[in-house]
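Residue-level structure breakdown
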Amino acid sequence: MEPIGHQRLFIDGKFVDSSDRYEIRYPYDEHVVGTVARAGETELEAALVSSATAFVKARRLSRAARASALRHISRGIAERRFEIERAIVLCTGKPIDYTRGEVNRAISVFALAAEEIARFGGTYEPLDFDPLCPNTRGIVERFPLGTIAAIGPFNFPLNLLAHKI
């Protein structure tokens, strides 16, 4: 299988390199299959600032725009599936059949999330369980809370991050 080469960081819509790199070794024979730029304090700060700036814009997006973005991610994974599968196999040693299933699942996760956005509106919930509040209802609304940091595990690196996103 062809090596994955050097992978840069993606910060604020651009690929960024760093002088600190680490080697990715294929678990079965320990040969180097690629390198990855390691984020330091400067890159972390840039990523956090970029995320906070993006959140200000993203929280105002309509449901249609959010659904469109999720469909775009789903299509992007599908279009790059062979590249992604190769990277997962080489970095984790996972068998290709399991890896294909993981990539298919991630494609579905984003496609389903796009569909669910249309159903995630405000709902009314009964609150009349308190005798002092007869015929009372509350409105439940879903809205973005802000930037998150997530650590992806090695065993399902794409799919478990897709669920977090």
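Just so it is clear, the structure is predicted and the values come from calculations on it, not from any experiment.

It is worth spelling out the packing of helix H2 (residues 63-79) against helix H4 (residues 96-119) at this point. Their axes nearest at 8 Å, the elements H2 and H4 cross at an angle of 165°. By the angle between their directions, the pair H2 and H4 is classed as roughly antiparallel. Crossing of H2 against H4: the hand is left-handed. The residues of H4 that touch H2, namely those facing Arg63, Arg66, Ala67, Leu70, Arg71, Ile73, Ser74, Ile77 and Ala78, are Val103, Ala106, Ile107, Phe110, Ala111, Ala113, Ala114 and Ile117. Its residues assigned to classes, the contact of H2 with H4 comprises 13 nonpolar, one polar and three charged.

The next thing to look at is the sheet that holds strand E5 (residues 32-37). Spatially, three strands are ordered E1-E5-E4 in an open sheet, and the strand pairing comes out mixed. Two strands close off the open sheet at either side, each with one partner strand: strand E1 (5-7) and strand E4 (21-25). Each neighbouring strand pair of the sheet contributes to a mean axis angle of 25°, computed without reference to strand direction. Note that E1 and E5 share three bridges and pair parallel. Within the sheet, the bridge partner assigned to Gly5 lies in E5 and is Gly34.

Moving on: the side chain of Glu85. Tracing the chain through its elements places Glu85 in helix H3 (residues 81-92). Accessibility expressed as a relative area gives 3% for Glu85, which makes it buried.

Now for the environment of Arg21. Within the secondary structure, Arg21 is located in strand E4. For the pair formed by Arg21 and Ala39, sequence separation is 18 residues and the distance between their alpha carbons is 8.6 Å. Here Arg21 is in contact with His6, Val36, Ala37 and Arg38, once residues within four sequence places are set aside.

On to the confidence of the model for the protein, then. Mean pLDDT over the protein works out to 91, with 100% of the residues at or above the 70 mark. Across the protein, strand E3 (residues 14-16) holds the top mean pLDDT of 97, while strand E6 (residues 123-126) sits lowest at 85.

In this section: unusual backbone geometry. Backbone geometry follows two general trends: most residues other than glycine have a negative phi, and most peptide bonds adopt the trans configuration. A positive phi is found at Glu30, a non-glycine position, where the angle reads about 65°. Following the sequence through the fold, Glu30 ends up in the loop between E4 and E5. One non-glycine residue with positive phi stands out, namely Asn135, at about 55°. Along the chain, the position of Asn135 falls in the loop between E6 and strand E7 (137-140).

The rules behind these values
Residues numbered from 1 in each chain as written. Predicted model: local features only at pLDDT ≥ 70, side-chain atom pairs only at ≥ 80, totals over all residues. Heavy atoms only, no water. Axes fitted to C-alpha atoms, helices over the stretch in contact; angles between N-to-C directions. Helix = DSSP H or I, 4+ residues; strand = E, 2+ residues; numbered from the N terminus. Parallel < 35°, antiparallel > 145°, perpendicular 65-115°, else oblique. Left-handed = near helix turned anticlockwise from the far one by under 90°. Contact = heavy atoms within 4.5 Å. Nonpolar A, V, L, I, M, F, W, Y, C, P; charged D, E, K, R; others polar. Pairing = 2+ DSSP bridges. Buried < 20%, exposed > 50% of the residue type's maximum accessible area, 1.4 Å probe, protein only. pLDDT = per-residue confidence, 0-100.

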